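If you want the building blocks of each chain, they are given just below.
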Amino acid sequence: MPTPAAEVHVDAPLVRALLADQHPDLAAMPLEVVANGWDNVILRLGDHLAVRLPRRAAAARLIEHEQHWLPLLARRVAPVVPVPVAIRTGRPALGFPWSWSVVRWLPGEPPGTRAGGTAMAEALAAFVRLLHVPAPADAPVNPVRAVPLATRSASVLERLATADVHRVDELAALWRTAAAAPAHAGPPVWVHGDLHPFNLLVEPGDDGGDRLSAVLDFGDVTAGDPAVDLATSWLTLDREARRTFRALVPADDATWTRARGWAVSIASAMHLSDDSAFRTVARRGIDAALDG
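This report concerns the structure included in the present document. Just so it is clear, the structure is predicted and the values come from calculations on it, not from any experiment.

What follows is about the pairing of strand S8 (residues 210–215). Of all six residues that make up S8, five are buried, and the element is covered over most of its length. The loop that links strand S7 (residues 200–204) with its antiparallel partner S8 comprises five residues; one of these, Gly208, has a positive phi angle of about 90°.

Counted by the stated rule, this structure contains one cavity of 30 Å³ or more. Within this model, the largest cavity holds a volume of roughly 60 Å³. Taken together, Arg52, Ile63, Glu66, Gln67, Leu70, Pro84, Ala86, Ser101 and Val103 form the lining of the largest cavity. Secondary structure elements with two or more residues in the lining of the largest cavity: helix H2 (57–77) and strand S5 (100–104). Ranked by residues supplied to the lining of the largest cavity, first place goes to H2 with four residues. Here the residues of the lining of the largest cavity sort into five nonpolar, two polar and two charged.

Turning to the packing of aromatic side chains, a few remarks are in order. Tallying each qualifying case throughout the model produces six aromatic pairs. Note on Phe198 and Phe278: the rings are 4.1 Å apart at their centroids and 5° apart in plane angle, and the pair reads as stacked. Here Phe198, found in the loop between strand S6 (189–191) and S7, pairs with Phe278, found in helix H10 (residues 276–291); they are 80 residues apart in sequence, far enough to count as distant. For Phe278, a relative accessible area of 23% puts it in the partly exposed group. Judged by centre distance (6.3 Å) and plane angle (80°), the rings of Trp234 and Trp256 are edge-to-face.

Attention shifts here to unusual backbone geometry. The phi angle at Ala146 is positive, at roughly 65°, despite the residue not being glycine. Along the chain, the position of Ala146 falls in the loop between helix H3 (118–131) and helix H4 (153–162). At Arg167, a position not held by glycine, the phi torsion is positive, near 55°. Inspection of the secondary structure assignment puts Arg167 in the loop between H4 and helix H5 (168–179).

With that settled, the discussion passes to the packing of H3 against helix H8 (residues 239–248). The interhelical angle for the contact between H3 and H8, taken along N-to-C directions, is 25°, at an axis separation of 8 Å. Here H3 is positioned roughly parallel relative to H8, judged by the angle of their axes. H3 and H8 meet at a crossing whose hand is right-handed. Residues Thr118, Ala121, Glu122, Leu124, Ala125, Val128 and Arg129 of H3 touch H8, and the partners they reach there are Glu240, Ala241, Thr244, Phe245 and Leu248. Of the residues contributing to the contact of H3 with H8, the split by class is seven nonpolar, two polar and three charged.

On to the pattern of salt bridges, then. Summed over the entire model, instances satisfying the criterion amount to 15 salt bridges. The partner of Arg88 in a salt bridge is Asp25, and the shortest N-O contact between them spans 2.7 Å. With Arg88 in strand S4 (residues 86–90) and Asp25 in the loop between helix H1 (12–22) and strand S1 (31–36), this residue pair connects regions lying 63 residues apart in the sequence. Classification of Arg88 as partly exposed rests on a relative accessible area of 27%. Using a relative accessible area of 53% as the deciding quantity, one classes Asp25 as exposed. The salt bridge partner of Glu170 is Arg167, with a shortest N-O separation of 2.9 Å. For Arg167, a relative accessible area of 24% gives the class partly exposed. One network of salt bridges, with partners in common, ties together Arg167, Glu170, Asp287 and Asp291.

Moving on, we get to the side chain of His166. For His166, the position within the fold is in the loop between H4 and H5. Classification of His166 as buried rests on a relative accessible area of 15%. A distance of 3.3 Å separates polar atoms of two side chains, one belonging to His166 and the other to Arg283. The residues touching His166, leaving out its near neighbours within four places in the chain, are Leu171, His271, Arg283, Ile286 and Asp287.

Scoring rules and cut-offs
Residues numbered from 1 in each chain as written. Predicted model: local features only at pLDDT ≥ 70, side-chain atom pairs only at ≥ 80, totals over all residues. Heavy atoms only, no water. Buried < 20%, exposed > 50% of the residue type's maximum accessible area, 1.4 Å probe, protein only. Helix = DSSP H or I, 4+ residues; strand = E, 2+ residues; numbered from the N terminus. Pairing = 2+ DSSP bridges. 1 Å grid on protein atoms, 1.4 Å probe; cavity = no way out; pocket = protein on both sides within 12 Å on 5 of 7 lines; lining within 4 Å. Points joined across faces, edges and corners; volume = space filled by probe spheres on them. Nonpolar A, V, L, I, M, F, W, Y, C, P; charged D, E, K, R; others polar. Phe/Tyr/Trp six-rings, centres within 6.5 Å; stacked < 30°, edge-to-face > 60°. Axes fitted to C-alpha atoms, helices over the stretch in contact; angles between N-to-C directions. Parallel < 35°, antiparallel > 145°, perpendicular 65-115°, else oblique. Left-handed = near helix turned anticlockwise from the far one by under 90°. Contact = heavy atoms within 4.5 Å. Salt bridge = Lys/Arg side-chain N within 4 Å of Asp/Glu carboxyl O. Polar contact = N/O pair within 3.5 Å; in protein donor to acceptor, adjacent residues only side chain to side chain.

Next comes the structure, spelled out in structure tokens:
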């Protein structure tokens, strides 16, 4: 699945002009594009800031969700990890049609294809325990994340049937089992919605492994089934770390079965990426979900 084409071209001259127009005290700082992803463009602004702008209309509402809700969620998870709360916001101007954010630059790099160990599992478990609390009635609703798995069956099974996905027959069987598991019975809880190793930052830990230093990209933040975030067990962690993560996260067997289904959904979508690192993580996640 190729990265969607940008609907608006975002580059350093445009962003500098937006800053000069709305935050002139920041406009003279060094500015460099550092990421041009599925939904957003990230530019580093000086040593300590970044600018985050949507590159297509589908992402514009997600930026607004982050601006509104991340201050609340940041306070909840602050004992474990920082998240990119907007410290300045931008409005549409100069031909750019959407809201945008200035956030703090958070140190570290995505673990990407490196499977996390026990320290990562402990930090991720602490993060989801703090995050997964009942959400208010006006929390965002995401139609494709944290929803009942059965509502995603047509899309997932079509993807498995039409794409060259690793171990596809086993995945389809696992998906059907997960989709038939009891649905989330409790109140909708806050979930990140896209908790995979490209939305995490790590730094070297004292034990030589990776230490979780930040959680990024809350654009899919929503209220619903916590199982979608628990899929990170198979996408992000090695086998021993998965055991640690499961032991530290209070969830019943049905939730873990649904979480494994979410791992199938996310990994099979990542497998279709035009980014080789995403495909590597997808294959690792598929093998982990199938083999335990």
